[in-house]
Amino acid sequence: MNTRQTEKRILRLAIPNKGRIADPIIELIEDSGLILQNSVSRKLITGTSDPAIEVLFARPVDIPAYVASGAADLGITGRDMVMERGADVEELMDLKSGKATLVIAVPEDSDIADVRDLDGKKIATEFPGICERYFRDEKLSVSIVSVGGACEAAPYLGIADAIVDLSSSGNTIRTNNLRVISEILVSTTILIANRDAQKIYSEKIAEFCLAIESVMRAKGKKYLMMNVHREALEAVRNVLPGLSGPTVMDVASEDNLVAVHAVVSEDHLYGLVSSLKNAGARDILVVPIERMIR
Ligand SMILES: Nc1ncnc2c1ncn2[C@@H]1O[C@H](COP(=O)(O)OP(=O)(O)OP(=O)(O)O)[C@@H](O)[C@H]1O
Ligand SMILES: O=P(O)(O)OC[C@H]1O[C@H](OP(=O)(O)OP(=O)(O)O)[C@H](O)[C@@H]1O
Ligand SMILES: [Mg+2]
């Protein structure tokens, strides 16, 4: 337990201050109902709508060490960052966003066909820690050239034979005439905790996880409400199967009418609405869902 943790009872959550995963993380946190006081200014530690939680803005790559040391109790960053730093933290939740694959790539016209061909070669990467461990485990001796970005240019510049870098759309690899020969890991954004934090803030952490989970569960889902004549109920039910069980309620004003409510996946919505109408549903409403708590 570090001194901050023993002295103060304000849970500190570290999140990225910039980069591609920063905005989706802020959006997820705020959708869960925890509002940040200063998300757009340059203030690096800010309060939230919960007086017992403060937010630290930091570089994604620094967050694992802050959490491991107890400078922050919770952190949200890429799994690749945690692995790169070899940080001793607890992974609490996979937030399933910010997906990217750490790949080994070589120039398209290279003779290198397989990882085994990399013995004795030079590898450029922003991930020297992961690389060193990976090639040691593979029992290959490589020299690692550490770069701060724009890694894909390294083979062309003659400073490396291969690169280890993240790829998501694959555009950068393709545009720079590289070919993937292997994948090292798939990274997503994760929620991590300091190993002592659970002892001090277990209730706050459980509350935070529940709130975040409820937003994730609601993503891509819509709430459908419709009125259905009893005779058409079976046909409407047949259109809905497979989706989370519809709720059927009597409509007070009309004897023969029931209200049917169901949670449906957004992907099904387009065809589903006309199928429901054809099956006899009417007054169909499609409503957004902010959070789903089980
Ligand atoms: N296509 C991608 N390329 C790089 N990182 C990605 C990609 N998709 C998701 N990520 C994740 O984003 C995080 C990178 O954070 P970083 O602060 O380096 O952001 P960035 O958008 O690459 O910014 P920078 O302009 O500083 O390179 C990592 O955890 C990484 O896994
Ligand atoms: O598969 P893609 O969708 O093309 O994405 C992959 C590219 O994005 C990242 O670079 P970034 O934009 O972070 O620049 P950097 O190399 O300077 O970090 C990563 O390092 C790759 O170069
Ligand atoms: Mg980058």
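Overview of the structure. For clarity, every value in this text was computed on a predicted model and none was experimentally measured.

Quick notes on the site of ligand 1
Around ligand 1 sit 15 residues, and of these Arg-20, Pro-60, Gly-78, Asp-80 and Ser-168 come closest. A distance of 2.6 Å separates an oxygen atom of ligand 1 from a polar side-chain atom of Asp-80. At 2.7 Å from a nitrogen atom of ligand 1 is found a side-chain nitrogen or oxygen belonging to Ser-168. Protein burial of ligand 1: of its 600 Å² of free accessible surface, 72% is covered by the chains. Classifying every residue of the shell around ligand 1 gives five nonpolar, five polar and five charged.

Things to note about the environment of Ala-124
Turning to its location among the elements, Ala-124 is positioned in strand β7 (residues 122–125). Overall, the relative accessible area of 0% leaves Ala-124 in the buried class. Through-space distance from the C-alpha of Ala-124 to that of Ile-26 is 32 Å; in sequence the pair is 98 residues apart. Among all residues touching Ala-124, those that are not within four sequence positions of it are Val-145, Cys-151, Ala-154, Ala-160, Ala-162, Ile-163 and Val-164.

About the criteria used
- Residues numbered from 1 in each chain as written.
- Chains lettered and ligands numbered in written order.
- Predicted model: local features only at pLDDT ≥ 70, side-chain atom pairs only at ≥ 80, totals over all residues.
- Heavy atoms only, no water.
- Near = heavy atom within 4 Å.
- Polar contact = N/O pair within 3.5 Å; in protein donor to acceptor, adjacent residues only side chain to side chain.
- Areas by Shrake-Rupley, 256 points an atom, 1.4 Å probe, with all protein chains shown as cover.
- Nonpolar A, V, L, I, M, F, W, Y, C, P; charged D, E, K, R; others polar.
- Helix = DSSP H or I, 4+ residues; strand = E, 2+ residues; numbered from the N terminus.
- Buried < 20%, exposed > 50% of the residue type's maximum accessible area, 1.4 Å probe, protein only.
- Contact = heavy atoms within 4.5 Å.

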